[in-house]
Amino acid sequence: MNDREQLQGYLAAIGTVAIWSGFIVISRLGGKSVLTPFDVLALRLGFAALLLLPFVGSLPPGSWTDARLWTLTMSGGVIYGLAVYSGFKFAPASHAGILLPGIQPFLIPLVGWLIMGTRAQRQQLQGLVAIGLGVLCVASPSILHGHWDPAVLLGDLLFLLASVAWAIYSVLAKRWGFSPWVLTRVLAIGSAALYLPIYALFLPRNLEAAPWSTLILQGLYQGVGTTIVAMLLFLKAVSTIGPARMGSMIALVPVLAGVAAAPLLDEPLTPELIAGLVLVSIGAFIAARPAPPTPLAA
């Protein structure tokens, strides 16, 4: 690989980190708006499905009757979307940074062990210690002073549910070996086919009360930026600089999202929260490092 390709890989990685950090801030904006969580998910899936619909004909034969793809669609599309956007109604963006990308290095090895029996590597366990300490830092004011906010706690639990759903999606997608381009199309279009009719018939909606600027921002960022552009940039980065370096850069997302939320969303940055964001990011970075080579037997 030449220097130009490596530079393109790092630029793609930076773009992915920026979009994923922005996803947390933009989603919290949607949560604080008049839109319901069901509205935001509908905008995400509607915009993504419309853009990807022209490419549906090139899907491999049998894609729409493959139970594995529908399992991935439910986990990584519908369940994740419902939980994550509901969480943004109650909990701050800084908590999302910790409980969404921040604890994936913890959840993915756990889900991998439960589903496939794979063991976590030593550096992953070291990273998990830092992640656990970071989560404790964020929770310490409530633990020490008993200041439990039921709404924030509900939001945190929803973020945790979304993170578990995404970890299951990640482990199963790797196990079953579908290509990312197939998964991107099936996830968006399949989720839209499952969710949008139920949304239109049964779920509370408030689209008409939101300004057009809010609808366009949420639809374009969620449906195009996060679902399509970030995925393509992520794939470019992984193919050039490798998954380990990409994983290490993703460790920046909790801190970037937490810091950006302070001026943009008027969220407080307490010492405990700063410590938690830093520790979780360090833990995610450690867990994403490539394992050292195993020494050859003499």
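What counts, and at which threshold
Sequence order as written defines residue numbering, which begins from 1 separately in each chain. Totals for whole chains, interfaces and linings use all residues, but because this is a predicted model, local features are given only for residues with pLDDT of at least 70 and pairs of side-chain atoms are given and counted only at 80 or more. Just so you know, side-chain values use all the structure's heavy atoms and leave hydrogens and water out. Secondary structure elements follow DSSP: runs of H or I no shorter than four residues count as helices, runs of E no shorter than two count as strands, and numbering proceeds from the N terminus. Only protein chains enter the accessibility calculation, which uses a 1.4 Å probe; a residue is then buried when its area is under 20% of its type maximum, exposed when over 50%, and partly exposed in between. Two N or O atoms form a polar contact when they lie within 3.5 Å of each other; inside protein one atom must be a possible hydrogen donor and the other a possible acceptor, and for residues adjacent in sequence the pair counts only when both atoms belong to side chains. Contact definition: two residues touch when any of their heavy atoms are within 4.5 Å. How sure the predictor is of each residue is captured by pLDDT, a score from 0 to 100. Any Phe, Tyr or Trp ring, taking Trp's six-membered ring, that has another such ring centre within 6.5 Å forms a pair; planes under 30 degrees apart are called stacked, those over 60 apart edge-to-face, and the others tilted. Whether a charge sits over a ring depends on NZ of Lys or CZ of Arg being within 6 Å of the ring centre and within 35 degrees of the ring normal. Two joining distances apply to patches: 9 Å for like charges and 5 Å for nonpolar side chains (Val, Leu, Ile, Met, Phe, Trp, Tyr), and every residue must have over 30% relative accessible area and no salt bridge. Note that accessible areas follow from Shrake-Rupley with a 1.4 Å probe, and for residues the cover is restricted to the protein chains shown. Any Lys or Arg side-chain nitrogen located within 4 Å of an Asp or Glu carboxyl oxygen qualifies as a salt bridge. Within this scheme, the nonpolar core is defined by two criteria: the residues are buried Ala, Val, Leu, Ile, Met, Phe, Trp, Tyr or Cys, and they are joined through side-chain atoms within 4.5 Å. Computed over the protein atoms alone on a 1 Å grid, cavities are sets of points where a 1.4 Å probe fits but cannot get out and pockets are open sets with protein on both sides within 12 Å along at least five of seven lines; a residue lines them when it has an atom within 4 Å of a point. Grid points are joined across faces, edges and corners, and a volume is the space filled by probe spheres set on the points. Note on residue categories: nonpolar means Ala, Val, Leu, Ile, Met, Phe, Trp, Tyr, Cys or Pro, charged means Asp, Glu, Lys or Arg, and polar means any other residue, Gly included.

Draft legend 1. Molecular detail of the environment of Leu100. Among the structural elements, Leu100 can be located in helix H4 (residues 93-102). Judged by its relative accessible area of 6%, Leu100 falls in the buried class. A sequence separation of 33 residues divides Leu100 from Leu133, and the C-alpha atoms of the two residues are 16 Å apart.

Draft legend 2. Structural context of the side chain of Glu267. Within the element layout of this structure, Glu267 appears in the loop between helix H11 (253-265) and helix H12 (271-288). Within polar-contact distance, the side chain of Glu267 engages the backbone nitrogen of Ala93 at 2.9 Å. Apart from residues lying up to four places away in sequence, Glu267 is in contact with Arg28, Pro92, Ala93, Ser94, Ala261 and Ala262.

Draft legend 3. Representation of the confidence of the model for the protein chain in the model. Residues at a pLDDT of 70 or more form 91% of the protein chain, whose mean pLDDT is 86. Predicted confidence is poor over residues 293-298, with pLDDT under 50, and the contacts of this stretch with residues over four places away or in other chains come to 0 contacts.

Draft legend 4. Fine view of the environment of Gly127. Mapping Gly127 onto the fold places it in helix H6 (residues 122-145). On the accessibility criterion, Gly127 (0% relative accessible area) is buried. Along the sequence, Gly127 and Ala251 sit 124 residues apart, while their C-alpha atoms lie 11 Å from each other. Excluding its chain neighbours within four sequence positions, the residues that come into contact with Gly127 are Gly283, Ile286 and Ala287.

Draft legend 5. Spatial organisation of the packing of aromatic side chains. Here the structure, examined in full by the defined rule, presents 9 aromatic pairs. Each ring, one from Phe23 and one from Tyr85, has its centre 6.3 Å from the other, and the planes form 70°; the classification is edge-to-face. Of this pair, Phe23 sits in helix H1 (residues 3-32) while Tyr85 sits in helix H3 (residues 67-87), and the two are 62 residues apart along the sequence. The buried category is assigned to Tyr85, whose relative accessible area is 3%. With 6.0 Å between their ring centres and 85° between their planes, Phe23 and Phe88 make a pair best called edge-to-face. Within this pair, whereas Phe23 is found in helix H1, its partner Phe88 is found in the loop between H3 and H4, the two being separated by 65 residues in sequence. In terms of burial, Phe23 and Phe88 fall into one category: buried. Each residue in the set Phe23, Tyr85, Phe88 and Phe159 is aromatic and connected to the rest through ring pairs, giving one cluster. Here the guanidinium or amino end of Arg205 rests over the ring plane of Tyr199, the centre of that ring lying 5.9 Å away.

Draft legend 6. Focus on a nonpolar patch on the surface. On the surface, a nonpolar cluster with roughly 560 Å² of combined accessible area is contributed by Phe106, Leu110, Trp113, Leu114, Ile115 and Met116. Here Met116 shows up in helix H5 (residues 104-116).

Draft legend 7. Fine view of the nonpolar core. Counting residues in each nonpolar core, the largest one holds 58 residues, and the members touching the most others are Ile24, Val84, Phe88 and Phe159. At 8 residues, helix H2 (residues 37-52) tops the list of elements feeding residues into this core. Ranked by size, the runner-up nonpolar core spans 11 residues in total, among them Leu69, Ala173, Phe178 and Val186.

Draft legend 8. Representation of empty space enclosed by the protein within the structure. By the definition in use, this model includes 1 cavity of 30 Å³ or more. If you add up the space inside the largest cavity, you get close to 40 Å³. Around the largest cavity, the lining residues are Ser27, Gly30, Gly31, Leu35, Thr36, Pro37, Val40, Tyr85, Phe88 and Lys89. Going through the elements one at a time, H1 and H2 are the ones with two or more residues in the lining of the largest cavity. Among the elements that line the lining of the largest cavity, the one with the most residues is H1, at 3 residues.

Draft legend 9. Geometry of the layout of surface pockets. Each pocket or cavity is described by its volume, and for the second largest pocket that value is around 850 Å³. Lining the second largest pocket are 36 residues, and of these His95, Val138, Ala139, Val152 and Asp156 sit closest to its centre. Counting residues per element, the ones that place at least two in the lining of the second largest pocket are H1, H4, H5, H6, helix H7 (150-176) and H12. Here the element with the most residues in the lining of the second largest pocket is H6; it accounts for 10 residues. Its residues assigned to classes, the lining of the second largest pocket shows 23 nonpolar, 6 polar and 7 charged.

Draft legend 10. Here's a closer look at the pattern of salt bridges. Per the counting criterion, the structure on display carries 2 salt bridges. The salt bridge partner of Arg28 is Glu267, with a shortest N-O separation of 3.6 Å. With a gap of 239 residues between them, Arg28 in helix H1 and Glu267 in the loop between H11 and H12 connect regions that are remote in the sequence. On the basis of relative accessible area, Arg28 is assigned to the buried category, the value being 12%.

Draft legend 11. Just unusual backbone geometry, in detail. If you check the backbone angles, Asp266 has positive phi at about 60° while not being a glycine. Relative to the assigned elements, Asp266 resides in the loop between H11 and H12. Residue Asp266 is classed as exposed on the basis of its relative accessible area of 68%.

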